[in-house]
Amino acid sequence: MINDKKVLFSGMQATGNLTLGNYLGALKNWITLSDEYECFYSVVDMHSITVRQDPATLRKRARALLTLYIAAGLDPKKNCIYYQSHVSGHAELAWILNCFTYMGELNRMTQFKDKSSKHADNINAGLFTYPVLMASDILLYQTDVVPVGIDQMQHLELTRNIAERFNNIYGDVFTVPEAYIGKVGAKIMSLQDPAKKMSKSDENPNGSIYLMDDPDTIMRKFKRAVTDSEGMICYRPEQPGVKNLIDIYCACTGKTPQEVEREFAGKGYGELKPAVGEAVIAVLKPLQDEVARLSQEKSYLDGIIKENAEKANYYAMKTLRKVQKKVGFPERIR
Ligand code: TYM
């Protein structure tokens with residue numbers, strides 16, 4: 001607990017261009033939850049270097065992502081919005097937790113299998129231990145709840161296992177976190193292949209809506225979205241392309257799938273697709289305008305970055321010192 005509130009932690013990688021999946025699966029829920037919890041929202045730049053990055057691009061994207069968090073409606077005076085790399089406790093705790101994580105556990109991680117097949121020329125140890133860094137991000141702040149999309153569930157389960165293992169040895173050191181998965185939008189699929197999740201790293205840009213896509217591009221991508229030959233607008237697993245469009249529409253409008261089925265009863269995909277496109281544009285356009293405005297506020301953003309890194313460091317150090325003591329590191333002489 002911090003200030004009598006439960007703690008929330010979440011983060012996103014500043015790798016590639018953020019997609020509608022990142023927004024609907026994560027960021028949107030962060031905003032809904034932000035009043036109820038003491039929140040830490042990190043730009044997890046240390047995770048990004050598990051695959052090769054161009055330094056200037058990474059720096060630019062990290063700043064753009066931090067700006068996006070604020071533009072999306074997270075008040076940086078109330079929520080701790082910061083760069084992971086500005087808080088050394090993440091790396092320090094990760095080292096310790098590496099020693100409490102089994103190779104076999106990490107071997108089972110599907111994201112590792114996925115990424116190592118995509119980057120076969122660079123299967124580095126960081127890519128392998130990535131979930132331990134993620135566990136450290138979460139456990140460092142004694143987090144109660146972690147809002148994420150479904151794809152991060154496996155990492156969260158591992159985090160809980162590591163926390164419980166550590167607590168079993170040393171007593172109640174870590175809060176064991178729960179995942180928060182939104183009711184809608186927790187797994188947005190590719191518009192070109194509804195069997196695959198919408199992803200920043202998809203080679204086919206038509207499969208993803210990027211948060212910075214202009215309205216014409218958004219509309220064009222939805223009009224080209226892969227559906228099926230059934231010709232009916234039904235929310236069911238047998239029609240994954242249509243189901244995905246309905247999910248997106250619901251997440252953007254607040255309607256339920258049943259309401260959408262009624263709205264489009266007797267209508268065709270030619271009517272559904274542009275309606276989804278319009279709904280997405282109505283959500284993204286104000287966000288894009290706010291990002292553009294806020295990006296100009298250099299000294300304001302710099303102030304936020306500095307203040308919040310200090311705040312995050314303060315809480316991170318509290319946990320880290322406790323953990324270091326538990327494992328037997330000598331006390332510091334003041
Ligand atoms: P990342 O950067 O890949 O994704 C950020 C968030 O977006 C969600 N997401 C999706 N949700 C629905 N549909 C999709 N198609 C979709 N694609 C992505 C993800 O579930 C995530 O919530 N390892 C994490 C970042 C991370 C983190 C953490 C998250 C590092 N440390 C600690 C929570 C807590 C990642 O790569 O997310």
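Before going into details, it helps to say that this report is about the structure given with it. Starting afresh in each chain, residues are numbered from 1 along the sequence in its written order. Per-residue local features are limited, in this predicted model, to residues with pLDDT of at least 70; the limit for side-chain atom pairs, both in listing and counting, is 80 or more; totals at the level of whole chains, interfaces and linings are taken over all residues. In computing side-chain properties, one takes all heavy atoms of the structure into account and sets aside hydrogens as well as water.

Focus on the environment of leucine 294
Link 1 in the chain: Within the fold, leucine 294 resides in helix H12 (residues 269-295).
Link 2 in the chain: Throughout, a contact is declared for two residues whenever any of their heavy atoms are within 4.5 Å. With near-sequence residues (within four places) excluded, leucine 294 lies in contact with Thr67, Ile70, Ala71, Tyr300 and Leu301. Numbering of helices and strands runs from the N terminus, with a helix taken as a DSSP run of H or I at least four residues long and a strand as a DSSP run of E at least two residues long.

Some thoughts on the side chain of threonine 143
Link 1 in the chain: Assignment of secondary structure puts threonine 143 in the loop between helix H7 (125-139) and strand S4 (145-147).
Link 2 in the chain: For the exposure calls, accessible area comes from a 1.4 Å probe over protein chains only, and a residue counts as buried if that area is under 20% of its type's maximum, exposed if over 50%, partly exposed in between. Residue classification places threonine 143 among the buried residues on the basis of a relative accessible area of 0%.
Link 3 in the chain: Apart from residues lying up to four places away in sequence, threonine 143 is in contact with Val7, Leu8, Phe9, Ile138, Thr175, Val176 and Pro177.

Details of the pairing of strand S2 (residues 38-43)
Link 1 in the chain: Among the six residues of S2, six are classified as buried, and the element is accordingly described as predominantly covered.
Link 2 in the chain: Alternating residues of S2 divide into Glu38, Phe40 and Ser42 and Cys39, Tyr41 and Val43, and every residue in both groups is buried.
Link 3 in the chain: Only strands that DSSP links by at least two bridges are regarded as paired with each other. Pairing of strand S1 (residues 7-12) with S2, which is carried by six bridges, proceeds in the parallel orientation. Within S2, the residue paired with valine 7 across the bridge is glutamate 38.
Link 4 in the chain: For a crossover, the right-handed case is the one in which the path from the first strand over the helix to the second runs clockwise, viewed with the strands pointing away from the viewer. Read from S1 through helix H1 (residues 20-33) to S2, the crossover connection turns out right-handed.

Let's talk about the site of the ligand
Link 1 in the chain: Around the ligand, the structure places 26 residues, and the nearest of them are Tyr130, Asp137, Gly149, Asp151 and Ile188.
Link 2 in the chain: A 3.5 Å cut-off defines polar contacts: any pair of N or O atoms within that distance qualifies, except that in protein one atom must be a possible hydrogen donor and the other a possible acceptor, and neighbouring residues in sequence count only when both atoms are side-chain atoms. In this structure, an oxygen atom belonging to the ligand sits 2.9 Å away from a main-chain N or O atom of glutamine 13.
Link 3 in the chain: The side chain of aspartate 151 places a nitrogen or oxygen atom 2.4 Å from an oxygen atom of the ligand.
Link 4 in the chain: Per-residue and other accessible areas were derived by the Shrake-Rupley procedure at a 1.4 Å probe size, with only the shown protein chains allowed to occlude residues. A total of 710 Å² of accessible area belongs to the ligand in isolation, and the protein chains cover 97% of it.
Link 5 in the chain: Listed by contribution, the elements that provide at least two residues to the shell around the ligand are S1, H1 and H7. Throughout, near means a residue has at least one heavy atom within 4 Å of the molecule or strand.

Some points on the pattern of salt bridges
Link 1 in the chain: We define a salt bridge as a side-chain nitrogen of Lys or Arg found within 4 Å of a carboxyl oxygen belonging to Asp or Glu. Scanning the entire structure with this criterion turns up 18 salt bridges.
Link 2 in the chain: A salt bridge links aspartate 202 to lysine 196; the nearest nitrogen and oxygen atoms lie 3.8 Å apart.
Link 3 in the chain: Under the relative-accessibility criterion, lysine 196 is labelled partly exposed at 40%.
Link 4 in the chain: The partner of glutamate 310 in a salt bridge is lysine 306, and the shortest N-O contact between them spans 3.5 Å. Taken together, the positions of glutamate 310 and lysine 306, both in helix H13 (residues 298-327) and four residues apart, correspond to about one turn of that helix.
Link 5 in the chain: Overall, lysine 306 belongs to the exposed group, its relative accessible area being 54%.
Link 6 in the chain: What emerges from the salt-bridge pattern is a single network uniting Arg63, Lys298 and Asp302.

Looking at the nonpolar core
Nonpolar side chains in soluble globular proteins tend to be buried together.
Link 1 in the chain: Among the nonpolar cores identified, the biggest contains 61 residues, and Leu20, Leu27, Tyr69, Ile209, Phe222, Ile248 and Val280 are the most heavily contacted of them.
Link 2 in the chain: Ranked by residues supplied to this core, first place goes to H12 with ten residues.
Link 3 in the chain: Each domain span listed reflects an automatic or database assignment of domains. If you count residues domain by domain, this core takes at least three from each of domain 1 (6-180 + 298-327) and domain 2 (205-293).
Link 4 in the chain: Apart from residues no more than four positions distant in its own chain, tyrosine 69 is found in contact with Gly11, Met12, Leu27, Trp30, Tyr41, Ser42, Val43, Leu74 and Ile81.
Link 5 in the chain: In these notes, a set of buried Ala, Val, Leu, Ile, Met, Phe, Trp, Tyr and Cys residues joined through side-chain atoms within 4.5 Å is what counts as a nonpolar core. Grouped together as the second largest cluster of nonpolar side chains are 37 residues, Cys80, Leu127, Val132 and Phe174 included.

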